[in-house]
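Topology and contacts: notes
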Amino acid sequence: MLKEGQVRIPSECAISGVFARDGQPISGEVIRRSIAVMHERSNGLGGGFAGYGIYPQYKNHYALHVFYDDMTAREECERFLDRHFDVINLSKIPTRPTPKIKDAPLIWRYFVQPLPHKLADSHLDEKEYVARCVIRINDQLKGCYVFSCGKNMGVFKAVGYPEDVADFYRLEEYEGYSWTAHGRYPTNTPGWWGGAHPFALLDLSVVHNGEISSYDANRRAVEMYGYRCNLLTDTEVITYTLDYLLRHQGLTLEEVAQVVAAPFWSELAAMPQPEQKQRRFLRQMYSDLLITGPFSILVGFEGGMMALNDRLKLRSLVVAERGDRVYFASEEAAIRAVEPELDRIWAPNGGEPVIVRLKEEERK
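First, a word on scope: everything that follows refers to the structure included in this document. A quick note: this is a predicted structure, and the numbers were derived from the prediction, not measured.

**Considerations on the packing of helix α7 (residues 234-248) against helix α8 (residues 253-260)**
α8 packs onto α7 with a crossing angle of 135° between their chain directions and a minimal axis gap of 10 Å. With respect to each other, α7 and α8 are oriented oblique. The hand of the α7/α8 crossing is right-handed. The segment α7 lies against α8, with Thr241, Leu242, Leu245 and Leu246 engaging Leu253, Val256, Val259 and Val260. Counted by class, the contact of α7 with α8 contains 7 nonpolar, 1 polar and no charged residues.

**Some thoughts on the sheet that holds strand β18 (residues 354-357)**
The strand order across the open sheet built from 5 strands is β11-β12-β13-β14-β18, with neighbouring strands paired in antiparallel fashion. Edge strands, defined here as strands with exactly one partner in the open sheet, are β11 (199-201) and β18. If you compare each strand with its neighbour and ignore which way they point, the axes differ by 15° on average. Bridge analysis of strand β12 (residues 204-210) against strand β13 (residues 295-301) gives 6 bridges, and the strand direction is antiparallel.

**Some thoughts on helix α2 (residues 71-84)**
The end-to-end C-alpha distance of α2, which contains 14 residues, comes to 20 Å, matching closely the 20 Å that a straight helix rising 1.5 Å per residue would cover. Along α2, the residues classified as buried are Ala73, Arg74, Cys77, Glu78, Phe80, Leu81 and His84. Relative to the axis of α2, the buried residues are bounded by an arc of 160° and lie together on one face. Facing away from the buried side of α2, by more than 90 degrees, are the exposed residues Thr72 and Asp82. Buried residues along α2 sit in contact with β4 (62-68), β5 (85-92), β6 (106-114), α3 (116-122), α4 (126-140) and β7 (144-148). Taking the backbone nitrogen of Thr72 as reference, a side-chain oxygen 3.2 Å away marks Asp70 as the first, capping residue of α2.

**Here's the deal with the nonpolar core**
If you look at the biggest cluster of nonpolar residues, it comprises 62 residues, and the most contacted ones within it are Tyr169, Trp193 and Phe328. At 5 residues, the largest contribution of residues to this core is made by strand β1 (residues 14-20). If near-sequence neighbours (up to four positions away) are discounted, Tyr169 is found in contact with Phe67, Ile93, Pro94, Thr95, Ile107, Phe147, Phe156, Lys157, Ala158, Tyr174 and Trp193. Ranked by size, the runner-up nonpolar core spans 57 residues in total, among them Val66, Tyr68, Ala73 and Leu308.

**Some remarks on helix α6 (residues 215-223)**
Within the span of α6, buried status applies to Tyr215, Asn218, Arg219, Ala221 and Val222. Buried residues in α6, looked at end-on, bunch into an arc of 165°, giving them a common side. Its buried side turned inward, α6 meets α7.

**Regarding the side chain of His61**
As for its placement among the helices and strands, His61 is situated in the loop between β3 (47-52) and β4. The residues touching His61, leaving out its near neighbours within four places in the chain, are Ile88, Phe111, Val112, Gln113, Gly150, Lys151 and Asn152.

**Some words on unusual backbone geometry**
For the bond running from His197 to Pro198, omega is -5°, close enough to zero to count as cis. By the secondary structure assignment, Pro198 is in the loop between β10 (178-183) and β11. Residues other than glycine seldom take positive phi values, yet His123 does so here, at roughly 60°. Relative to the helices and strands, His123 resides in the loop between α3 and α4. Judged by relative accessible area, His123 falls into the exposed class, the value being 74%. Even without being glycine, Leu202 reaches a positive phi, approximately 55°. With respect to the helices, strands and loops of the structure, Leu202 is situated in the loop between β11 and β12. Owing to a relative accessible area of 3%, Leu202 belongs among the buried residues under this scheme.

Scoring rules and cut-offs
Along each chain, the written sequence defines residue order, and numbers are assigned to residues from 1. Reporting in this predicted model follows two pLDDT cut-offs: at least 70 for local features of residues, and 80 or more for side-chain atom pairs to be given and counted; totals over whole chains, interfaces and linings ignore these cut-offs and use all residues. The basis for every side-chain value is the complete set of heavy atoms in the structure, and neither hydrogens nor water enter the calculation. Note on definitions: angles span 0 to 180 degrees between N-to-C directions of axes, and those axes are lines fitted to C-alpha atoms, for helices only across the stretch in contact. Think of it this way: any DSSP run of H or I at least four residues long counts as a helix, any run of E at least two long counts as a strand, and we number them from the N terminus. Here the word oblique covers every angle except those under 35 degrees (roughly parallel), over 145 (roughly antiparallel) and from 65 to 115 (roughly perpendicular). Should the near helix be turned anticlockwise from the far one by less than a right angle, the crossing is left-handed, and should it be turned clockwise, the crossing is right-handed. Residues are treated as being in contact if the distance between any of their heavy atoms lies within 4.5 Å. Ten residue types, Ala, Val, Leu, Ile, Met, Phe, Trp, Tyr, Cys and Pro, are classed as nonpolar, four, Asp, Glu, Lys and Arg, as charged, and the remainder, Gly among them, as polar. Here, any two strands with at least 2 DSSP bridges between them count as paired. By this rule, a helix spans an expected 1.5 Å times one less than how many residues it contains. For the exposure calls, accessible area comes from a 1.4 Å probe over protein chains only, and a residue counts as buried if that area is under 20% of its type's maximum, exposed if over 50%, partly exposed in between. Note that the arc is defined by the directions from the helix axis to the C-beta atoms. Polar contacts, as counted here, are pairs of nitrogen or oxygen atoms within 3.5 Å of one another; within protein the pair requires one atom able to donate a hydrogen and one able to accept it, and residues that are adjacent in sequence qualify only if both atoms are side-chain atoms. Remark: nonpolar core denotes a set of buried residues (Ala, Val, Leu, Ile, Met, Phe, Trp, Tyr, Cys) joined through side-chain atoms within 4.5 Å.

Here you go:
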């Protein structure tokens, strides 16, 4: 099979998400049914899911999901993990034989904590230590790819249609307060399992419909800050951009949206002070992290989710509410399939973030 980049396969993407503000568990079967409605927007070259709150028994440990090409790669990676982490539990990620999912790598899961003396010697905070270890594995260890490394969350992805990916990973056996899903395959990416959505770092995960024309400028910018874009895909650079702005620069989600989907200069000039001053500062300060091109994204993070369109709204995005549940999708049909009766439904404006979080009592 020719890899994408060697042949152009025209298709849309599909994204879907569901979030419970009250923290009540949602079965993985719900997000599977939602994304399956948009089958025709996919092409079978990639699908995936991210679930939050799915590992309550290990909620204080980092859950590393890893693809291996072979046993040699696994052994090398596990030697690295043993040198840097206390491995509490390790096992294969449960899967079931699925005829439409082929050529699977070795898929393993590790629940870990940084070794105290290694963490102290590094002079880094815990999250930065874990992030650097993950980037080092992906950049330097041949045949290893850590595709998920957050606490009480996990990414499940593969080459295939998303509903088949869900069957393969037995997603109906998981429950979480937040789920995102993606169908198709990231644009401009070689066809392999690691290149499917979601892309994740620590508790942050991104699914994306669209194509980022500013990819190369954004990639050069984030690589100056220590990230490594091994997958050569636009969505990977979105994930690192968000991580840098949120975790290193301390911006709020609202401010991050103003950076990556900044208003046009003509729109800025028409804004009242001090809003104009703030937004002008963000656009000038982080000009190389402005994302241009058509996109709609869902960003999962610990305790919340954000949906965001490009500033011209060149990709579809629908949001709906029913009680404490909030739904996101490329098409209204994907929401109605799992919740026919809605309290509210709308399409956000371009560049307007929709941010939902757990209620305070559920965060404690």
